[in-house]
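# Remarks on the overall topology
For reference, the chains in residue letters:
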Amino acid sequence: MRIIGVIAMLSLLGAACGGGGAAPGPGTDGGAFDTPFALDTVVGPVDLSEDRVGEVLRDLPQEIPEDRTAELPFEGIADLPDAGADTVEPPPVLTVEALVDALEGADLPALDAEMALYDGPLCDAVRCVVVAWLVDASVAALRGEFNDWGETPMTAVPGTGWWWVTVPAADVPACRQYKLFVDGEWLRDPSSRWVGFSDVAVNSALCPQGVSRLACVEGVYSAELGNSRDLYVYVPAPAFPAAGVAPAGPFPVLYMQDGWNIFDNPMAPYGSWLVDETADALIAAGEVAPLIIVGITTDDRMDEYLYGDLEVDIGGELVEIQGVLPSYAEFLVNGVLPLIEGAFPVD
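I will try to describe carefully the structure that is included in this document.

The rules behind each value
What you see as residue numbers is a count from 1 along each chain, following the sequence as written. In keeping with the predicted nature of the model, local features appear solely for residues at pLDDT of at least 70, side-chain atom pairs appear and are counted solely at 80 or more, and the whole-chain, interface and lining totals rest on all residues. Remark: hydrogens and water are excluded; side-chain values derive from all non-hydrogen atoms of the structure. A run of H or I in DSSP counts as a helix once it spans at least four residues, and a run of E counts as a strand once it spans at least two, with each numbered from the N terminus. Relative accessibility decides the category of a residue: with a 1.4 Å probe and only protein chains considered, values under 20% of the type maximum give buried, values over 50% give exposed, and everything between is partly exposed. Values of accessible area rely on a 1.4 Å probe in the Shrake-Rupley scheme; residue burial ignores everything except the protein chains shown. Side-chain atoms within 4.5 Å are what join buried Ala, Val, Leu, Ile, Met, Phe, Trp, Tyr and Cys residues into a set we call a nonpolar core. The contact criterion used throughout is that any non-hydrogen atoms of two residues lie within 4.5 Å. This arc describes the spread of directions from the helix axis toward the C-beta atoms. DSSP bridges decide pairing: two strands pair if at least two such bridges lie between them. Each axis is a line fitted through C-alpha atoms, taken for helices only over the stretch in contact, and angles between the N-to-C directions span 0 to 180 degrees. Patches were defined on residues exceeding 30% relative accessible area and lacking a salt bridge, with like-charge contacts within 9 Å and nonpolar side-chain contacts (Val, Leu, Ile, Met, Phe, Trp, Tyr) within 5 Å. For salt bridges, the criterion is a side-chain nitrogen of Lys or Arg within 4 Å of an Asp or Glu carboxyl oxygen. None of His or the chain ends enter the tally, which takes Lys and Arg as positive and Asp and Glu as negative. By convention, the charge on Lys lies at NZ, on Arg at CZ, on Asp at CG and on Glu at CD. Space inside and on the surface of the protein is sampled on a 1 Å grid over the protein atoms alone, with a cavity defined as a set of points where a 1.4 Å probe fits but cannot get out and a pocket as an open set with protein on both sides within 12 Å along at least 5 of 7 lines; lining residues have an atom within 4 Å of a point. Grid points are joined across faces, edges and corners, and a volume is the space filled by probe spheres set on the points. Only Asp, Glu, Lys and Arg are considered charged, only Ala, Val, Leu, Ile, Met, Phe, Trp, Tyr, Cys and Pro nonpolar, and every remaining residue, Gly among them, polar. Polar contacts, as used here, are pairs of N or O atoms within 3.5 Å; protein pairs need one atom able to donate a hydrogen and one able to accept it. Residues neighboring in sequence count only if both atoms are side-chain atoms. Working definition: a disulfide is two cysteine sulfur atoms within 2.5 Å of each other.

### Here we look at the overall build of the chain
On a plain count of helices and strands, the chain comes out with seven helices and 17 strands. Among the 347 residues that make up the chain, the fraction classed as buried is 46%. When the accessible area of the chain is evaluated, it comes to approximately 16,900 Å², of which 53% is carbon and sulfur surface.

Right, dumping it as structure tokens:
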């Protein structure tokens, strides 16, 4: 796995992928400190402007070092196999048409095969299909930005726990937020990894091909620290090409701390830094290579981001900080990096 940076952004944060049971209006996500404090007195002032974020991304290495080229599968077209040689079969591709056919026909073997490839709503130029595992549900509906948070009924696949629905494709290339409404309760889609932030909740996201998106990895446990946290992962647009085009990747990966704040998140205390929007713009302009960005959240940033023990003035009260940065670093190496390497197309 090629790591091009580990950056600690400095802001208070909290939270969880959570909001699973919260309505897009009345739900909340918490975990942030209630009292702001002058962190620059501890670690020095930090420029978190959008321009500075862009500078940081531009300064990241854009090329694989020469001593790493041996790790590539081949260096050029001369290394491609001969036409008569055994070749690796391309991976299976999930399509809206095949998935809908399996759902409509209740073709369980085909549905099992299709859902093994499914990680969230799938769109083509005409429609999007949403499939969710709701084994105990009696009634389910889709509510989202595409129907003004109204109600689009879902259909159960007989003999299974799968429910599904199609909605028209978006008129613009952008993700749209939604939640499921199951037996009178709001629920984030349990069968999708893709999310979006509203001003009150983390919702599921329905994204067309050709745009970047955010994944939520919930409840990542740290044996070193004895706690759990969520990760938010930016995956660039080239990973989701139009139908018939092979996805790009693998991608280098950038790890950033304070993961609740780095992406476009209206709930982030003291603002968010729009790293996802900045990355989109720089990648589209060819100023940086496509990359995956991992935001690592924390509920105990002062202890986890500092090495030694010290006292900090927070709102006029001296608070004792017990730095556990070595243990946090071990968690990144032993827990976060292997998880990301196994779940996302990183090199």
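### Observations concerning the nonpolar core
Formed by 31 residues in total, the largest nonpolar core has its most connected members in Leu-99, Leu-103, Leu-111, Val-129, Val-131, Leu-134 and Leu-180. Looking at this core, the elements with two or more residues in it are α3 (96–104), α4 (108–115), β2 (122–123), β3 (127–133), β4 (140–144), β7 (162–168) and β8 (176–182). Residue contacts for Leu-99: discarding those within four places in its chain leaves Leu-94, Leu-111, Glu-114, Met-115, Tyr-118, Val-129 and Val-131. Listed in part, the 27 residues of the second largest apolar core include Leu-231, Tyr-255, Phe-331 and Val-346.

### Some details on α4
Taken together, the buried positions of α4 are occupied by Leu-111, Glu-114 and Met-115. Looking straight down α4, one finds its buried side chains confined to an arc of 90°; they lie on one side. What points out from α4, more than 90 degrees from its buried face, is the exposed set Pro-109 and Asp-112. Residues of α4 that are buried sit in contact with α3, β3 and β7.

### Focus: the sheet that holds β2
An order of β2-β3-β7-β6 is seen for the four strands of this open sheet, with the pairing classed as antiparallel. Where the open sheet ends on each side, the last strands, each with one partner, are β2 and β6 (155–156). With two bridges joining them, β2 and β3 adopt antiparallel strand pairing. Its bridge partner lying in β3, Cys-123 is registered against Cys-128. Where α3 meets the sheet, its contacts fall on β2, β3 and β7, and the angle it forms with β3 comes to roughly 50°.

### A look at a negative patch on the surface
Side chains of Glu-97, Asp-101, Glu-104 and Asp-124 sit close together on the surface and give a patch of like negative charge. Relative to the assigned elements, Glu-104 resides in helix α3. Residue Glu-104 is classed as exposed on the basis of its relative accessible area of 56%.

### Section: α3
Along α3, the positions that sit buried rather than exposed are Val-96, Leu-99, Val-100, Ala-102 and Leu-103. Taken end-on, α3 shows its buried residues confined to a sector of 160°, consistent with a single buried face. More than 90 degrees from the buried face of α3, the exposed residues found are Glu-97 and Glu-104. Packing partners of the buried residues in α3 comprise α4, β2, β3 and β7. Among the residues trailing α3, Ala-106 stands out with phi positive, at a value near 50°.

### What about the layout of surface pockets?
Space inside the second largest pocket adds up to approximately 490 Å³. Looking at the second largest pocket, it is lined by 25 residues, and the ones nearest its centre are Cys-175, Ser-212, Leu-214, Asp-276 and Asp-280. Contributions of two or more residues to the lining of the second largest pocket are made by β8, β10 (194–197), β12 (213–222) and α5 (275–284). Examining the composition of the lining of the second largest pocket, we find that five residues originate from one element, α5, more than from any other. Class assignment for the residues of the lining of the second largest pocket results in 14 nonpolar, four polar and seven charged.

### A few points about the side chain of Ser-192
For Ser-192, the position within the fold is in the loop between β9 (185–187) and β10. For Ser-192, a relative accessible area of 10% gives the class buried. Side-chain polar atoms of Ser-192 contact the backbone nitrogen of Trp-194, separated by 3.2 Å. Apart from the residues within four sequence positions on either side, Ser-192 is in contact with Asp-119, Gly-120, Pro-121, Tyr-178 and Ala-205.

### Some points on the state of the cysteines
Such a bond, covalent and formed between the sulfur atoms of two cysteines, is termed a disulfide. Scanning the entire structure with this criterion turns up two disulfides. Each sulfur of the disulfide joining Cys-123 and Cys-128 lies 2.1 Å from the other. Disulfide Cys-123-Cys-128: the torsion about the S-S bond is 110°, which places it as right-handed. Classification of Cys-128 as buried rests on a relative accessible area of 1%.

Without other data, these values stay purely geometric and don't point to any function.
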